[in-house]
Amino acid sequence: MSSPVVANNLPKRVHLEAGQAYFFCVCGRSANQPFCDGSHKETDLKPMKFTVQESGDFWLCCCKHTENRPFCDGHHNQFTPADVGQERPL
Ligand code: FES
């Protein structure tokens, strides 16, 4: 099983529109963080489709180790800048 890459050791604040479908990058290899760009094809990981109920700004996980996908839950605190770009097992 593939491990996610730590795309960043900080979350990213993004504006999301209610009812619109988004694809959250789970593999950490997308160049369009925190969203999927198709780079997961080299792995056995799949993006996560999601919507929000209300439009607004949200902090989305970029370390890929949150237990509350796609939202940041603080798990990025276990990573340093040296982990960014590296595979880290869940
Ligand atoms: S960026 Fe992943 S838990 Fe915060």
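Residues numbered from 1 in each chain as written. Predicted model: local features only at pLDDT ≥ 70, side-chain atom pairs only at ≥ 80, totals over all residues. Heavy atoms only, no water.

Looking at an unreviewed UniProt entry, one finds the protein named Iron-binding zinc finger CDGSH type, with Microbulbifer donghaiensis as its source organism.

For side chains bearing opposite charge, pairing can occur when the charged atoms are close. The tally for this structure, following the rule as stated, stands at four salt bridges. The closest approach of N and O atoms between E42 and R29, which form a salt bridge, is 3.5 Å. On the criterion of sequence distance, the pair formed by E42 in the loop between β2 (22-24) and β3 (48-50) and R29 in the loop between β2 and β3 is long-range, its members being 13 residues apart. By relative accessible area, R29 is classed as buried at 18%. Between R29 and E87 there is a salt bridge, with its nearest N and O atoms 2.7 Å apart. Of the two residues, R29 is situated in the loop between β2 and β3 and E87 in the segment after β4 (56-60); the sequence distance between them amounts to 58 residues. Bridged by salt links that share partners, the residues R29, E42 and E87 form one connected network. (Salt bridge = Lys/Arg side-chain N within 4 Å of Asp/Glu carboxyl O. Helix = DSSP H or I, 4+ residues; strand = E, 2+ residues; numbered from the N terminus. Buried < 20%, exposed > 50% of the residue type's maximum accessible area, 1.4 Å probe, protein only.)

Moving on: the UniProt feature "domain: Iron-binding zinc finger CDGSH type" (unreviewed entry) in the protein. According to UniProt, the "domain: Iron-binding zinc finger CDGSH type" (unreviewed entry) feature falls on residues 9-46 and 47-82. Between the first and last C-alpha atoms of residues 9-46 the distance is 21 Å; the span itself is 0% helix and 21% strand. Between the C-alpha atoms that bound residues 47-82 there is a distance of 25 Å. The span itself is 0% helix and 22% strand. (UniProt positions renumbered as here; feature names shortened; annotations may be inferred.)

This part covers the nonpolar core. Residues L16, F35, F50 and L60 are the most contacted members of the largest nonpolar core, which totals 13 residues. Once you skip the residues sitting within four places of it in the chain, F35 turns out to touch V14, L16, Y22, F23, C25, S30, F50 and L60. (Core = buried A, V, L, I, M, F, W, Y, C linked by side-chain atoms within 4.5 Å. Contact = heavy atoms within 4.5 Å.)

What follows covers the side chain of Q33. Its location among the elements puts Q33 in the loop between β2 and β3. Within the structure, Q33 has its side chain in polar contact with the backbone oxygen of S30 (distance 3.1 Å). A polar contact is formed between the side chain of Q33 and the side chain of K64, at a distance of 2.9 Å. Beyond its immediate stretch of four places on either side in the chain, Q33 contacts A7, K12, C25, G28, C62 and K64. (Polar contact = N/O pair within 3.5 Å; in protein donor to acceptor, adjacent residues only side chain to side chain.)

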